[in-house]
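# Observations on the three-dimensional arrangement
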Amino acid sequence: MSNPVPAAENDETSPQAPLAGIYTNRVTRLIATARGRALGLLVLAIGLIALVISNQEHSDLRLDLFDFYQQISPRERQAAPAVIVAIDEKSLAELGQWPWPRSYMAGIVENITNSGALVIGIDAVFPDADRLSPSRFADGQLDMPADVKERLHALPDTDETFARALSRSRVVMALAGMSDSEEKIGRLRPPPVFMKGSNKTDKLLNFPGFVQTRTEILKGAASLGVINAATEIDGVIRRLPMIAQVDGKPVPAITMEMWRQVTGEPAASYLADDRGFHTAQIGGLDIPLQDDGTMFVPFGRSRPDIYISASDVLAGRIPPDFFTDKLALIGVSALGLGDRALTPLFEKIPGVEVHAQIIEAVFTQTYLSRPRWAFPAEFALMTVLSLILIILMPMTATRWLVAIIIVTTPVVVGVGIAHHMHLGLLIDIASPLVGVAATGLAMLASGIVIAQARRRALEADLQMQREARARIDGELAAATRIQLGLLPNHTELPDDPRYDLAAFLEPAREVGGDLYDFFMIDENRLFFAVGDVSGKGVGASLFMAISKALYKSSVLRGLTDIDEITAAANDEIARDNPEMLFVTLFAGILDLNTGVLDFCNAGHDLPQLYGPDTRPEDIASLEEGGGPPLCVMEGFPYMAASTQMKSGDTLVVTTDGIGEAMNHDGELYGSDRLLATLSKASEGQDDPDPVIKNVYDDVKRHADGAPPSDDLTLLVVRWNGTN
């Protein structure tokens, strides 16, 4: 016996224990709350540092949010101040492979100008001499007659023809900066720019190298401008530089130069301060810029009506007033030429249309910008909301916190969307909300710590229950050992090459109602049985032990036929059964010389019989013979059945704990999976032990940790023949 606990030390009887417990609980709770808030403050600090870092380089989360803004509210493209002369598939089919002879380009420029265009921007560079110019073509033909070469040399050079056409028009040529190379193709002569305020060219996108049109052509152009985009890491075009640093010199964008040509301004003006650039001015218009001189492009859906094929322009097939008082852009749109830009609207549009959309945005004064106050506001938003969580979570009911979150989150999201839709401002509300969520999770973890502290405070009160439970568990463990000790061990069978046998039983609880038995009736006959008592627990285990003993007694009584044995056992077991329990049971007698199996099935799951390399659909179920479970009908005349096993055949007997094993979703293991597992076992003609292991492992994989619904029992017998 255990010694009684003295009254002065017993938590149940000591008068000081309740006061001490209350004091201890309060102190523990205060300590846990302080630690939880400290954890929340630490996570908040980390989140704010991450927010500062992400503000230097736009994070994927922020860019995705800005794309979402444009997707739900793309710019309406009503005005069309810019039109596009497209080097498209139709033009390539009619005029041939790109690049075309410069005489074609001259004709296109002249026809656009004659049709009333205000200015032309060419989104392409021509760094090499025209190989199709008559004199160069002639020089490349070794077998051409001398007189023909002489006539070709007398024809005008196409580069000069192109330059003359440019000089008779207002054309802005393209300059392509190279960020990964310092190679310089051509001599850079940038157009004039006015810098107002601080000269912060070090903030601009820097292109140490560049490619431009050859000087012989460029001399006829009115100006040139940068055509590069500020490509993000995901390949989406969101910003274009309105001014960039190329070879150490500030160069405006092609769109800025086109507007300058229209307005007649001597130069575009760029306003900067100590933080960088913030405004571009042209023709009385103020264009908001980011610190690095870029402009967020307010994209609208692509418009095919602003396109005209270059071959139509060259042939004079131009709709009336198509170019009148418009800014014309010439650029490639054919898929094979590769100049395609992925926009936030999930559209791939020709790169030249990006410039057209910027011209439209300037014309309608519809801009997107990320104001400088956005980051301080986002910083404050994360700080305030996180501090509210840190203060309230330890002292507020969860339902109120959930209500606050449900109300606050849509409001914050709505503020961000409203700023975009009505003011064209890009406010990052996603990053602060993620930081707040991280802080909330930290505080939730602190709440778990508090709950654990409370649980530990209650453990003393539960100690007696645990001890009582431990005693019960010990008794049940002893019962388990006793029950499993009643089951036979196949190693006790005589060594006989004519058969192999293995059995396994795992109770769903500490003790269960499944049973199996096997023994040699004589030197040539093997008896085996598998049963399942209705119910579970201690009562079922006791009835299982009685049923097993009485059935074995019926076998050893001298009865030879399995049906007579089953009927006699039924009467014996049913005689004293006040709880009205019953037993499903399959029993068989295998003649080891002939392989003949006599069996009787008293309401039990059907055994499965298969041979080597058996497919699931070919596994046989022993359906004949038997009757109701034992103890259901006293005096019932059970019917026997017989089957001839072939050498190498295996018989598997299970209880319903196999087929009815469930996972967390309530799905049963079922007979189909059992047959598939047995079929895999048949491929290698495994011994009974591996068969049992394969089935058991597959059942456990299916259950995936779900508690067993019933005992698991398997018995496997293989007849090896007499050779």
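Residues numbered from 1 in each chain as written. Predicted model: local features only at pLDDT ≥ 70, side-chain atom pairs only at ≥ 80, totals over all residues. Heavy atoms only, no water.

Turning next to the overall build of the protein. Along the backbone of the protein there are 20 helices and 30 strands. Burial analysis of the protein (723 residues in total) assigns 47% to the buried set. Put simply, of all contacts in the protein between residues at least 6 apart along the chain, 77% involve residues at least 24 apart. Carbon and sulfur atoms provide 57% of the accessible area of the protein, an area that totals close to 34,500 Å². (Helix = DSSP H or I, 4+ residues; strand = E, 2+ residues; numbered from the N terminus. Buried < 20%, exposed > 50% of the residue type's maximum accessible area, 1.4 Å probe, protein only. Contact = heavy atoms within 4.5 Å. Areas by Shrake-Rupley, 256 points an atom, 1.4 Å probe, with all protein chains shown as cover.)

In this model helix H2 (residues 60-72) runs 18 Å from its N-terminal to its C-terminal C-alpha over 13 residues, within 8% of the 18 Å that 1.5 Å per residue would give. Taken as a whole, H2 has its buried residues at Arg62, Leu63, Leu65, Phe66, Asp67, Tyr69 and Gln70. (Expected span 1.5 Å × (residues − 1).)

Residue Trp98 is joined to Pro99 through a cis peptide bond whose omega torsion reads 5°. A positive phi is found at Phe346, a non-glycine position, where the angle reads about 60°. Secondary-structure assignment places Phe346 in the loop between strand S19 (340-342) and strand S20 (348-350). Residue classification places Phe346 among the exposed positions, given a relative accessible area of 67%.

Taken residue by residue, the protein gives an average pLDDT of 85. The fraction at 70 or more is 90%. Note that residues 1-23 has pLDDT below 50 and, in this model, 7 contacts with residues that lie over four places away or in other chains. (pLDDT = per-residue confidence, 0-100.)

Looking now at the sheet that holds strand S12 (residues 249-252). Strand pairing in a sheet relies on backbone hydrogen bonds, with the paired strands running either antiparallel or parallel. The strand order across the open sheet formed by 3 strands is S6-S11-S12, and the pairing between neighbours is mixed. Because the sheet does not close on itself, it has two edges, and the strands there are strand S6 (206-207) and S12. Where S6 meets strand S11 (residues 243-246), 2 bridges bridge the pair, whose relative direction is parallel. Each residue of the ladder has a partner; that of Phe207, found in S11, is Val246. (Pairing = 2+ DSSP bridges.)

Bringing the sheet that holds strand S9 (residues 230-231) into the picture now. Taken in spatial order, the 3 strands make up an open sheet running S9-S10-S16, and their pairing is antiparallel. Sheet topology places S9 and strand S16 (294-296) at the edges, where each strand pairs with a single neighbour. Relative to strand S10 (residues 237-241), S9 runs antiparallel, the two sharing 2 bridges. Within S10, the position partnered with Ala230 by the bridge is Arg239. Here helix H11 (residues 351-364) sits on the sheet in contact with S10 and S16, set at roughly 70° to S10. (Axes fitted to C-alpha atoms, helices over the stretch in contact; angles between N-to-C directions.)

Of all the 9 residues making up strand S23 (residues 525-533), 8 are buried; the element is thus mostly covered by neighbouring parts of the structure. With antiparallel pairing between neighbouring strands as the criterion, strand S22 (residues 514-522) and S23 make up a hairpin whose turn holds 2 residues. Sheet topology places S23 next to strand S24 (residues 583-591); 9 bridges connect them, and they run antiparallel. By the bridge assignment for S24, Asp532 is matched with Thr584.

Scanning all chains against the criterion turns up 35 salt bridges. The partner of Glu360 in a salt bridge is Arg75, with the nearest N and O atoms 3.1 Å apart. On the criterion of sequence distance, the pair formed by Glu360 in helix H11 and Arg75 in the loop between H2 and strand S1 (82-87) is long-range, its members being 285 residues apart. With respect to burial, Glu360 and Arg75 carry one shared label: buried. (Salt bridge = Lys/Arg side-chain N within 4 Å of Asp/Glu carboxyl O.)

The tally for this structure, following the rule as stated, stands at 13 aromatic pairs. A connected cluster of aromatic rings, assembled from ring pairs, spans Trp98, Trp100, Phe126 and Phe162. (Phe/Tyr/Trp six-rings, centres within 6.5 Å; stacked < 30°, edge-to-face > 60°.)

What follows covers the nonpolar core. Considering soluble globular proteins, one finds that nonpolar side chains tend to be buried as a cluster. By size, the foremost hydrophobic cluster in this structure holds 50 residues, and its most contacted members are Phe527, Phe528, Tyr551, Leu630 and Leu651. With residues up to four places along the chain from it excluded, the contact list for Phe528 reads Asp517, Phe518, Phe586, Ala587, Gly588, Leu590, Leu597, Leu651, Leu715 and Val717. (Core = buried A, V, L, I, M, F, W, Y, C linked by side-chain atoms within 4.5 Å.)

Our focus in this paragraph is the packing of helix H16 (residues 537-556) against helix H17 (residues 562-575). Orientation of H16 relative to H17, taken along the N-to-C sense of each, is 135°, at an axis distance of 9 Å. The angle between the axes of H16 and H17 places the two elements in the oblique class. Considering the relative orientation of H16 and H17, their crossing is right-handed. The segment H16 lies against H17, with Phe543, Ser547, Leu550, Tyr551, Ser554 and Val555 engaging Ile562, Ile565, Thr566, Ala568, Ala569, Glu572 and Ile573. Here the residues of the contact of H16 with H17 are counted per class, giving 9 nonpolar, 3 polar and 1 charged. (Parallel < 35°, antiparallel > 145°, perpendicular 65-115°, else oblique. Left-handed = near helix turned anticlockwise from the far one by under 90°. Nonpolar A, V, L, I, M, F, W, Y, C, P; charged D, E, K, R; others polar.)

Another aspect to go through is the packing of helix H4 (residues 102-114) against helix H7 (residues 158-167). Put simply, H4 and H7 touch, their axes get as near as 8 Å, and they point 15° apart. In terms of their interaxial angle, H4 and H7 are classed as roughly parallel. The chirality of how H4 crosses H7 is left-handed. Here Arg102, Ser103, Met105, Ala106, Val109 and Glu110 of H4 come into contact with H7, specifically with Thr158, Asp159, Thr161, Phe162, Ala165 and Leu166. Of the residues belonging to the contact of H4 with H7, the class tally is 6 nonpolar, 3 polar and 3 charged.

Okay, the environment of Glu232 next. If you trace the backbone, Glu232 turns up in the loop between S9 and S10. Exposure remark for Glu232: the relative accessible area of 13% places this residue in the buried category. When the C-alpha atoms of Glu232 and Asp60 are compared, they prove to be 9.4 Å apart, with 172 residues separating the residues in sequence. Sequence-distant contacts of Glu232, defined by excluding residues within four places in its chain, comprise Leu63, Arg238 and Arg239.

Moving on, we come to a nonpolar patch on the surface. Residues Leu41, Leu387, Ile391 and Met395 make up a contiguous nonpolar surface patch of roughly 380 Å² in combined accessible area. Along the chain, Ile391 turns up in helix H12 (residues 374-392). When its relative accessible area of 48% is taken as the criterion, Ile391 is described as partly exposed. (Patch = residues over 30% accessible without salt bridge, like charges linked within 9 Å, V, L, I, M, F, W, Y side chains within 5 Å.)

Relative to the helices and strands, Gln261 is located in helix H9 (residues 254-263). Residue classification places Gln261 among the buried residues on the basis of a relative accessible area of 14%. When residues no more than four places from it in sequence are discounted, the contact partners of Gln261 are Val119, Arg170, Val172, Ala222 and Ser223.

Before going further, it helps to examine H16. Compared with an ideal rise of 1.5 Å per residue, which puts 20 residues at 28 Å, H16 spans 29 Å between its outermost C-alpha atoms and is within 8% of the ideal. Listing the buried residues of H16 in full gives Gly537, Ala540, Ser541, Phe543, Met544, Ser547, Lys548, Tyr551, Ser554 and Val555. Looking straight down H16, one finds that the buried residues subtend no more than 165° of arc, so they occupy a single side. Seen from the buried face of H16, the exposed residues on the opposite side, beyond 90 degrees, are Leu542 and Leu556. (Arc of directions from axis to C-beta.)

With that settled, consider the environment of Lys700. Note that Lys700 resides in helix H20 (residues 688-703). We classify Lys700 as partly exposed; its relative accessible area is 32%. As for Lys700 and Asn663, which are separated by 37 residues in sequence, their C-alpha atoms are 9.0 Å apart. Once residues within four sequence positions are removed from consideration, Lys700 is found in contact with Glu506, Gly705 and Leu712.

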